[in-house]
Amino acid sequence: RDDDDINDVASMAGVNLNEESARIMAANSDLVGSQMQSCKDEPFLAAIPLHKRILETAKKLGITDVPAEVVTFISHATQSRLRAMLEKVTVITQHRMESYKDDEWYEQATDVRSQLKFFEQLERLEKQRKDEQEREILLKAAKSRSRQEDPEQARLKQKAKEMQQQELAQMRQRDANLTALAAIGPRKKRRLDTPGLLSIGGEGVGLCGGIQGLGTASPRQYPRQKITRVNLRDFIFYMEQEREMSHSLLLYRALLK
């Protein structure tokens, strides 16, 4: 073949077609000889109960025959609808769980949790003050030595005696717990994995002192899967935003729960 052929563009560009073909075959060697086929179309819902339910609804509208393709189509539509709904509800839940405390563009205006804790502390102090007053009254009634006692005085003395017995029992129980804890000693945290243990093929291999040049083996770390917990409030917010469900009976039932 004449090297000066002006129609041979590949030779003029300095491209070797044989080498390029060999590279392409080497890059796609895993696909050579493989046979591709489509996956089986599996419905999302059970076909027989769904077909029965569709026939029951269709008979009310004067339809007597529903082909299997309609059942498959409705099953796939249900799957798509559920996927879209769960994606939206997941986004709503993630927005609800976002914290803006460390964001420099937001500042906290009110703290309802701290206010509730303050009110709970006030109620606790008020209850403690009333208990102290009642205790003083009972102790005064128990120390009184009047000969002629009315039934109310006797009742107060009996209540003071029960209160003293209850306080004594609580002190004994607290002392017993402290003695038991002192006898047991400090609790040791359970170690999930021993440092210097390397797992190979599901079997543990001990490394004493590590390997020179590599250091000690790091403890095993288990990846934690992030879980998004969706509650009823998220679903209610989703239904309120959807035009088809904003006035539905399902939304009203959810609001009444």
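Residues numbered from 1 in each chain as written. Predicted model: local features only at pLDDT ≥ 70, side-chain atom pairs only at ≥ 80, totals over all residues. Heavy atoms only, no water.

Trainee: Got a sec to walk through the layout of surface pockets? Specific residues and values, please.
Mentor: Considering only enclosed or pocket space, the largest pocket measures out at about 290 Å³ in volume. Surrounding the largest pocket, Glu98, Ser99, Tyr100, Lys101, Tyr106, Glu107, Gln108, Thr110, Asp111, Val112, Arg113 and Ser114 form its lining. For the lining of the largest pocket, the residue count by class is 3 nonpolar, 4 polar and 5 charged. Quantified by volume, the second largest pocket comes out at close to 230 Å³. Lining the second largest pocket we find Gln128, Asp131, Glu132, Glu134, Arg135, Leu138, Lys159, Met163, Gln166, Glu167 and Gln170. Of all the secondary-structure elements, those providing two or more residues to the lining of the second largest pocket are helix H5 (112-143) and helix H6 (151-184). When residues in the lining of the second largest pocket are grouped by element, the largest group, 6 residues, is from H5. Looking at the lining of the second largest pocket residue by residue, the classes come out as 2 nonpolar, 3 polar and 6 charged. (1 Å grid on protein atoms, 1.4 Å probe; cavity = no way out; pocket = protein on both sides within 12 Å on 5 of 7 lines; lining within 4 Å. Points joined across faces, edges and corners; volume = space filled by probe spheres on them. Nonpolar A, V, L, I, M, F, W, Y, C, P; charged D, E, K, R; others polar. Helix = DSSP H or I, 4+ residues; strand = E, 2+ residues; numbered from the N terminus.)

Trainee: Outline the packing of helix H3 (residues 47-60) against helix H4 (residues 68-97), supporting the account with residue identities and numerical values.
Mentor: Packing of H3 against H4 brings their axes to within 10 Å, and their N-to-C directions diverge by 105°. The angle between H3 and H4 places the two elements in the roughly perpendicular class. Of the residues in H4, those touching H3 at Ala47, Leu50, His51 and Ile54 are Val71, Ile74 and Ser75. Tallied by class, the residues present in the contact of H3 with H4 amount to 5 nonpolar, 2 polar and no charged. (Axes fitted to C-alpha atoms, helices over the stretch in contact; angles between N-to-C directions. Parallel < 35°, antiparallel > 145°, perpendicular 65-115°, else oblique. Contact = heavy atoms within 4.5 Å.)

Trainee: Can you break down helix H7 (residues 232-241) residue by residue, with the values?
Mentor: Listed as buried for H7 are Asp234, Ile236, Tyr238 and Met239. Along its buried surface, H7 packs onto H4 and helix H8 (249-256). (Buried < 20%, exposed > 50% of the residue type's maximum accessible area, 1.4 Å probe, protein only.)

Trainee: How would you sum up the nonpolar core? Please name residues and give values.
Mentor: Ranked by size, the top nonpolar core spans 9 residues in total: Met85, Val89, Ile92, Ile236, Tyr238, Met239, Met245, Leu251 and Ala254. The set of elements that each furnish at least two residues to this core consists of H4, H7 and H8. If we skip the residues at most four places from it in the chain, alanine 254 touches Leu232, Ile236 and Met239. (Core = buried A, V, L, I, M, F, W, Y, C linked by side-chain atoms within 4.5 Å.)

Trainee: Break down a nonpolar patch on the surface for me, citing the residues and quoting the values.
Mentor: A contiguous nonpolar surface patch, about 410 Å² in accessible area, is contributed by Phe118, Phe119, Leu122 and Leu125. For phenylalanine 118, the position within the fold is in helix H5. (Patch = residues over 30% accessible without salt bridge, like charges linked within 9 Å, V, L, I, M, F, W, Y side chains within 5 Å. Areas by Shrake-Rupley, 256 points an atom, 1.4 Å probe, with all protein chains shown as cover. Salt bridge = Lys/Arg side-chain N within 4 Å of Asp/Glu carboxyl O.)

Trainee: Residues and numbers for the packing of H7 against H8, please.
Mentor: In a packed pair of helices, the relevant descriptors are the angle between the two axes and the axis-to-axis distance. Viewed as axis vectors pointing N to C, H7 and H8 meet at an angle of 145°, and their least axial separation amounts to 10 Å. The handedness of the crossing between H7 and H8 comes out as left-handed. Across from Leu232, Ile236, Met239 and Glu240 in H7, the residues of H8 making contact are Leu250, Leu251, Ala254 and Leu255. A breakdown of the residues in the contact of H7 with H8 according to their chemical character gives 7 nonpolar, no polar and 1 charged. (Left-handed = near helix turned anticlockwise from the far one by under 90°.)

Trainee: Give me the lowdown on the pattern of salt bridges, citing residues and values where you can.
Mentor: Across all of its chains, the model carries 6 salt bridges by this definition. Where lysine 159 meets glutamate 134, a salt bridge forms, and the shortest distance between an N and an O atom there is 2.9 Å. Here glutamate 134 lies in helix H5 and lysine 159 lies in helix H6, a separation of 25 residues in the sequence. Accessibility expressed as a relative area gives 36% for glutamate 134, which makes it partly exposed. Residue arginine 135 is joined to glutamate 167 by a salt bridge in which the shortest nitrogen-to-oxygen separation is 2.9 Å. Of the two residues, arginine 135 is situated in helix H5 and glutamate 167 in helix H6; the sequence distance between them amounts to 32 residues. In this structure arginine 135 comes out as partly exposed when scored by relative accessible area, which is 30%.

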